[in-house]
Amino acid sequence: MKTSRHDLVILGGGPAGYVAAIRAAQLGMKVACIDEQDRFGGTCVRVGCIPSKALLESSHLYAEAKHRFGEHGLKVSGLEVDLPAMMARKQKIVDTLTGGIDMLFKHRGVTPVLGRGKLRDVETVEVTQGDDTFLVQGDQLLLCPGSRPASLPMVEEDGDRIGNSTTALSFPDVPKRLVVIGGGYIGLELGSVWNRLGSEVIVLEALDRILPGMDSELATIAHRTFKKQGIEFRTSTFVESAKRDGDRCVVAVKGSDPIECDRVLLATGRTPMTADLGLEAVGIEPDRRGFLSVDEDFRTSVKSIYAAGDCIGGLMLAHKAMEEGVVCVERMAGISAHMNYDVIPAIIYTHPEIASVGKTEDQLKEAGVEYRKGICPFGANGRARTLGEPDGRVKVLADKQTDRILGVHIIGVRAGDMIAEAAVAMEFGATSEDVARSCHAHPTLAEALHEAALAVDGRAIHTT
Ligand code: NAI
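The notes below deal with the structure included here. Because the structure is a prediction, the values reported are computed rather than measured.

A closer look at the pattern of salt bridges
(1) Moving on: Under the definition given, this model contains 36 salt bridges.
(2) Moving on: Residue Asp-247 is joined to Arg-244 by a salt bridge in which the shortest nitrogen-to-oxygen separation is 3.8 Å.
(3) Moving on: A relative accessible area of 52% means that Asp-247 is categorised as exposed.
(4) Moving on: Judged by relative accessible area, which is 34%, Arg-244 ranks as partly exposed.
(5) Moving on: As a salt-bridge pair, Glu-324 and Lys-320 come within 3.1 Å of each other at their nearest N and O atoms. You can see Glu-324 and its partner Lys-320 sitting in helix H9 (residues 318-332), four residues apart, about one turn around the helix.
(6) Moving on: A relative accessible area of 2% places Lys-320 in the buried class.
(7) Moving on: Connected through salt bridges with shared partners, the residues Asp-215, Glu-217, Glu-361, Lys-365, Lys-373, Arg-393 and Lys-395 form a single ionic network.

Shown next as structure tokens:
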């Protein structure tokens, strides 16, 4: 059988895999990267972060033009949604970025392999490409198979009327009524897209709050804000089943009437794709939920096999996976890199955006850590006012004794860009005083972080 040999073979070309491939090639390794889809980039680039952000931007502009241009003295007539054009723009962005990965692989000398890979032994992956089968061998193997949307047994997904995030990125028309199961990241982002484009959106959440895991104060503000935008939330609502009936869907919920709608989006989390990797051939056993365990080198129980990204658990975020890919191959090359899981920012790209890094207030209270808190509402920020975006706030949490920043939580316009400053500060072990003493340009949204840092010590200038 045709066989090729490499220093490192990476199984999966998503954020963990393709980034690890490029970094390993930079470090002088001969690398092959295998992906079963027709393009590299994984969920993030093809059917996740990138296409969803493209639709969030398009639908946001539509909502602004429809509801908010008047404030600026701008009159619009004949505004319409051209859904095929919006989808084509989204696809063009995806194609450009996946093409960019091909170009980067070529530039760095990474061997791309498009085909279905399965472990055969501790240094061999068997790849099936149509009718062709061949072997790709490496001194080391890195598993980055990613994750897929979780399904629920009683929700009859057909990939059309009842589907997951991939389905909801390509609806052929704007649903009249869309039921979203799950009030997490995907439910809120894709729920927002279709709500802005004109759907009646109902979010069903099993817990008594949306965005579990997020700072609860921010989640409460988010709930109120999205409700004002027209999204209906039913919390403490447990979905019993969802079935298609012709062109309609019926969602049964515990303790109340069934809900009829045109489409259902199931967004109740993601599950690792470790089932079909051939792990049994090498003696690696995933845990009960399918996750692989690794040590600080990202090594599995087999010496030559490593794993990174969604398949090893923790936050299922593209940037966490990218960092893990880099740290893993750098450690293989003898560089003493490490992951700091305490400083991984998380962002929800709704409007306003919600961004967070470090510990939440709830976590600090639970752990009995004494902290001081500084808040700056965006209403007190000049730049936010000029943008017409006075809603939301920045919250800085700092250790009561040392003043070291423990967490920063932001809800407001462009919060996702602002959180980077907080993450860098925390990575450097900054105190709130360090941020408060750093000169911030005026007028910028970043001044709200500055003010919140001042507020930790009760010396905010622009708030009372
Ligand atoms: P999630 O974990 O964020 O939210 C799932 C929600 O569904 C939870 O609130 C949960 O309580 C609820 N739920 C579970 N079972 C339910 C049931 N039977 N009935 C009603 N509600 C139920 O998962 P989501 O939104 O599917 O996102 C998946 C992953 O993708 C997340 O881990 C997230 O990190 C990642 N992601 C990140 C984005 C970003 O960084 N902006 C955007 C989209 C996804």
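What to know about the environment of Lys-2
(1) Moving on: With respect to the helices, strands and loops of the structure, Lys-2 is situated in the segment before strand S1 (3-11).
(2) Moving on: With relative accessibility at 61%, the residue Lys-2 sits in the exposed group.
(3) Moving on: In this structure the C-alpha to C-alpha distance between Lys-2 and Thr-133, which are 131 residues apart in sequence, comes to 8.0 Å.
(4) Moving on: Apart from residues lying up to four places away in sequence, Lys-2 is in contact with Phe-134 and Leu-135.

About the thresholds
- Just so you know, the residues in each chain are numbered from 1, in the order the chain's sequence is written.
- Since the coordinates come from a predicted model, pLDDT governs what is reported: local features require at least 70, and pairs of side-chain atoms require 80 or more to be given and counted, while whole-chain, interface and lining totals use all residues.
- Hydrogens and water molecules were not included; the side-chain quantities draw on all heavy atoms of the structure.
- Salt bridges are counted wherever a side-chain nitrogen of Lys or Arg sits within 4 Å of a carboxyl oxygen of Asp or Glu.
- Burial status follows relative accessibility: with a 1.4 Å probe on protein chains alone, a residue under 20% of its type maximum counts as buried, one over 50% as exposed, and anything between as partly exposed.
- Helix and strand definitions here come from DSSP, where helices need a minimum of 4 consecutive H or I residues and strands a minimum of 2 consecutive E residues; each element is numbered from the N-terminal end.
- Whether two residues are in contact is decided by their heavy atoms: any pair within 4.5 Å suffices.

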